[in-house]
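Notes for the structure review
Each chain, written out:
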Amino acid sequence: MELIVEVKRHAYEQLAVLEDVSLAVRAGEIVAVIGPSGCGKSTLLGIAGGILKPSEGRVLLAGAAAADCLNPLTYIFQDFALLPWRSVARNVAFPLEHHRLDAAERARRVADALQRTGLAEFADALPKQLSGGMRQRVGIARALVVRPAVLLMDEPLSALDAQTRELLMEDFLDLLLRERMAAIYVTHNFAEALRLADRIVVLSRRPGRIKEVVDIALPQRERRGKSAQAELAELGERLWSLIRDEASSAEREVANV
Amino acid sequence: MSEARIAETPAAPAPGREIAFRGGGFLPRPRPLQSWLAFAALLALWQAATGFGWIDPVFLPSPLGIAYALWDLAVSGELWRNLSISLLRIGSGWVIGSALGLVLGLAMGLSSLSRAIGMPLVSSLYPIPKIALLPLLILWLGIGEAPKVATIAAGVFFPTAIATFSGVDAVPRSLIRMSQSFDLPMRSILWKVILPAALPSILAGFRISISTALLLVVSAEMIGAQFGIGAFLLAAGNLMQSDQLMAGVVVLSLLGLGLGALLGLVEKAFLKWR
């Protein structure tokens, strides 16, 4: 299954946000989108999943999804978007409830998703009882339960502290590689992009255009090594130099909306 | 030179000024014993004041006198006859007003059109003291139960509509977008996301509307009713039966407390997740 996003132009009223951005995600491929703040990264992700309507452009999904896939394009949110009145298990079951599934299949999917995210023993906890990292695990379990084809992740780790982020990112990567799930991963963090992505799409300042697309040939499993680290650091340096000036002027910009 | 010295850790701590604790106070704690003691002391003082003849019992009957009057009213069935009819009016008026208020509040929260139409109406009608509408409602609905129930319903309607509207309006957009991203049908989003998320605000509105209903039932019954707590209070006042009057006031206080406690239980049951 392949997801193709083609945005000719997207604008909020007068303000142009994206211009001529197209990207394709093939099965099992992880694409990171990176760029200075306000460059339209999240907007692009919203368009990719059909949550935002592009002013001009379209999104295509080619090929058939697996039979057990209930929601091919599934988001993982920065703020987790959990229902605070539901327990962990009921939050995970939430996207299944309006589908025709028998109770046993539903329970099996929920148990499976909880087990794969290490949440099995917290099934009855309420979101307020969990740490930020555990809450995002619930968000991940809720995404896994529909067996998605492409995960759309909007800075899924940026609401977490640095240590939690490190741990969760490794779990993320494990899951993505093991399930061979495709993903678009929006972030402003170079380390995350360099650790996870097969391909990094660098966007320019608003209106966001594609500034550069970098393929990383090195398999994710081998990126922890010494020489790999050095190579990636060099690449990170290069990416940072691409957007440093823009990032600093974006940061000094006064919002006029 | 001096900077280097500051950075050094002294081998033996030099004698110095101890920092005084200054972070105390401003920490309210529940003190149930003191609450009850103060209440009992006030009652005792009141009893003494009337018992020693410092206060004329016609103006302020003693607590024991009020208790006796309450007992007599309860035994004779007069209390229940008045209370039941008031409860019926409160109950029916509150249910009607709340149901309509919930519907309008939801509509205003969900649709821009009903918001555009409803908001100016609600804002201009809310400040009217609803008891001022009773004569008009009598004109429309005749004498009897209908105008009293309608007055209470009108009083309950507005706070409920406003609380529901603001609750629905404040539902985090992220939860709605999340539901849409899983293709939830509109009806499921309403029942599973919007209503539960708006519930705290709706229940807060109920707290206001219950006291409004209590206020209006007494006022309406004082203006025109044969029975009911309000009518009873007015009659007792006219006959200078201040012990019965005070007994009625005590009943109202207990009624308000009871309804508040009931709502507290509902909040406890439904808002555990907060």
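Here the structure is a predicted model, which means the values were calculated and not measured.

1. Quick look at the overall build of chain A
Assigned secondary structure in chain A consists of 7 helices and 9 strands. Projecting the C-alpha coordinates of chain A onto the three principal axes gives extents of approximately 55 × 45 × 35 Å.

2. Examining the overall build of chain B
Across its full length, chain B carries 11 helices and 0 strands. Counting from the amino terminus, chain B carries its helices and strands in the arrangement α-α-α-α-α-α-α-α-α-α-α. Against the 2.2 N^0.38 benchmark of 19 Å for 274 residues, chain B shows a C-alpha radius of gyration of 28 Å, more extended than a compact globule. Across the 274 residues in chain B, those meeting the buried criterion constitute 30%. A separation threshold of at least 6 residues defines the contact pool for chain B, and within that pool the share at least 24 residues apart is 71%.

3. Here's the deal with the packing of helix α8 (residues 173-181) of chain B against helix α9 (residues 186-223) of chain B
Residues and elements named next belong to chain B. Between α8 and α9, whose axes approach to 11 Å, the crossing angle comes to 170 degrees. The angle between the axes of α8 and α9 places the two elements in the roughly antiparallel class. Mapping the contact onto sequence places Leu175, Ile176 and Ser179 in α8 and Ile189, Val193 and Ala197 in α9. Split by residue class, the contact of α8 with α9 holds 5 nonpolar, 1 polar and no charged.

4. Some points on helix α7 (residues 145-169) of chain B
Taking 1.5 Å of rise per residue, the 25 residues of α7(B) would be expected to cover 36 Å, and the 36 Å separating its terminal C-alpha atoms lies within 8% of that figure. Burial of α7(B) is extensive: 21 of the 25 residues sit out of reach of the surface.

5. Structural notes on the pairing of strand β5 (residues 73-76) of chain A
Residue and element names in this part refer to chain A. Residues Leu73 and Tyr75 of β5 are buried on one face, and the alternating residues Thr74 and Ile76, pointing to the opposite face, are buried as well. Two strands pair when backbone bridges link them, and β5 and strand β6 (residues 150-154) are joined in this way by 4 bridges, in the parallel orientation. Bridge pairing in β6 places Leu73 opposite Val150.

6. A short note on the pairing of strand β7 (residues 182-187) of chain A
Residue and element names in this part refer to chain A. With 6 of its 6 residues buried, β7 lies for the most part within the structure. Burial of β7 is two-sided: the residues Ala182, Ile184 and Val186 facing one way and the residues Ala183, Tyr185 and Thr187 facing the other way are all buried. As paired elements, strand β3 (residues 30-34) and β7 share 5 bridges and run parallel to each other. When the sheet's bridge partners are listed, Val33 is paired in β7 with Val186. As a crossover connection, the stretch from β6 through helix α5 (residues 162-179) into β7 is right-handed.

7. Some words on the packing of α7(B) against α9(B)
All names here are of chain B. Between α7 and α9, the least distance of the axes is 7 Å, while the angle of their chain directions is 155 degrees. Put simply, α7 runs roughly antiparallel to α9. For α7 against α9, the interelement crossing comes out right-handed. For the contact of α7 with α9, the residue count by class is 16 nonpolar, 10 polar and 1 charged.

8. Quick notes on the sheet that holds β3(A)
All names here are of chain A. Sheet architecture is open: 6 strands sit in the order β5-β6-β7-β3-β8-β9, paired in mixed fashion. The sheet is open, and its two edges are formed by β5 and β9 (210-215), each paired on a single side. Ignoring strand direction, the axes of neighbouring strands in this sheet form an average angle of 15 degrees. Sheet strands in contact with helix α1 (residues 41-48) are β3, β6, β7 and β8 (199-203), and its direction is about 155 degrees off that of β7.

9. Some details on the environment of B:Leu215
Residue and element names in this part refer to chain B. Within the secondary structure layout, Leu215 lies in helix α9. Here Leu215 falls in the partly exposed class, since 17 other C-beta atoms lie within 10 Å of it. Counting along the chain gives 60 residues from Leu215 to Gly155, while the straight-line C-alpha distance between them is 9.4 Å.

10. Section: the confidence of the model for chain B
Should pLDDT be low for a region, the predicted coordinates there are not to be read in detail. Averaged over every residue, the pLDDT of chain B is 92; residues scoring 70 or more account for 95%. If you check the scores for this complex, the pTM reads 0.86 and the ipTM reads 0.91.

11. Looking at the environment of A:Glu212
All names here are of chain A. Relative to the helices and strands, Glu212 is located in strand β9. For Glu212, a count of 14 C-beta atoms within 10 Å corresponds to the partly exposed category. Expressed as a C-alpha distance, the spacing of Glu212 and Ile200, which sit 12 residues apart in the sequence, is 8.1 Å. Sequence-distant contacts of Glu212, that is, excluding residues within four places in its chain, are made with Val202 and Leu242.

12. Here's the deal with the nonpolar core
If you look at the biggest cluster of nonpolar residues, it comprises 121 residues, and the most contacted ones within it are A:Ala32, A:Val92, A:Val150, A:Ala183, A:Ile184 and A:Tyr185. The residues contacting A:Ala183, other than those within four sequence positions of it, are A:Ile30, A:Val150, A:Leu151, A:Met153 and A:Leu176.

13. Brief notes about the sheet that holds strand β4 (residues 56-62) of chain A
All names here are of chain A. Read across the sheet, 3 strands follow the order β2-β1-β4 without closing on themselves; strand pairing throughout is antiparallel. Whereas interior strands pair on both sides, the edge strands pair on one side only; in this sheet they are β2 (15-25) and β4. Taken pair by pair, the neighbouring strands of this sheet meet at an average axis angle of 10 degrees, ignoring direction. Looking at chain direction, strand β1 (residues 2-12) and β2 are connected through 9 bridges and run antiparallel. Note that in β2 the partner of His10 across the bridge is Leu18.

14. Quick notes on the confidence of the model for chain A
When pLDDT is averaged along chain A, the result is 89; 98% of the residues meet or exceed 70. The weakest mean pLDDT in chain A belongs to helix α7 (residues 226-251) of chain A at 82; the strongest belongs to helix α2 (residues 88-93) of chain A at 96.

15. Quick look at α5(A)
Residue and element names in this part refer to chain A. A rise of 1.5 Å per residue sets the reference length of α5, with its 18 residues, at 26 Å; its end C-alpha atoms lie 26 Å apart and thus fit the reference within 8%. All of the buried residues along α5 are Arg165, Leu168, Phe172 and Leu176. Down the axis of α5, the buried side of the element spans an arc of 75 degrees, and every buried residue falls inside it. The outward face of α5, more than 90 degrees from its buried face, is lined by the exposed residues Gln163, Leu167 and Arg178. Contact partners of the buried residues in α5: β3, α4 (132-144) and β7. The positive-phi residue at the C-terminal boundary of α5 is Arg180, with phi of around 50 degrees.

16. As for unusual backbone geometry
All names here are of chain A. Residue Asp20 is not a glycine yet carries a positive backbone phi of 50 degrees. With respect to the helices and strands, the residue Asp20 is situated in strand β2. According to the C-beta neighbour criterion, Asp20 is partly exposed, with 14 such atoms within 10 Å. Positive phi, normally seen in glycine, also occurs at Glu155, with a value near 40 degrees. Within the element layout of this structure, Glu155 appears in the loop between β6 and α5.

The rules behind these values
- Residues numbered from 1 in each chain as written.
- Chains lettered and ligands numbered in written order.
- Predicted model: local features only at pLDDT ≥ 70, side-chain atom pairs only at ≥ 80, totals over all residues.
- Helix = DSSP H or I, 4+ residues; strand = E, 2+ residues; numbered from the N terminus.
- Rg over C-alpha atoms; globule rule 2.2 N^0.38 Å.
- Buried ≥ 20, exposed ≤ 12 C-beta atoms within 10 Å, placed from the backbone.
- Contact = placed C-beta atoms within 7 Å.
- Axes fitted to C-alpha atoms, helices over the stretch in contact; angles between N-to-C directions.
- Parallel < 35°, antiparallel > 145°, perpendicular 65-115°, else oblique.
- Nonpolar A, V, L, I, M, F, W, Y, C, P; charged D, E, K, R; others polar.
- Expected span 1.5 Å × (residues − 1).
- Pairing = 2+ DSSP bridges.
- Right-handed = clockwise from strand over helix to strand, strands pointing away.
- Left-handed = near helix turned anticlockwise from the far one by under 90°.
- pLDDT = per-residue confidence, 0-100.
- Core = buried A, V, L, I, M, F, W, Y, C linked by C-beta atoms within 7 Å.
- Arc of directions from axis to C-beta.

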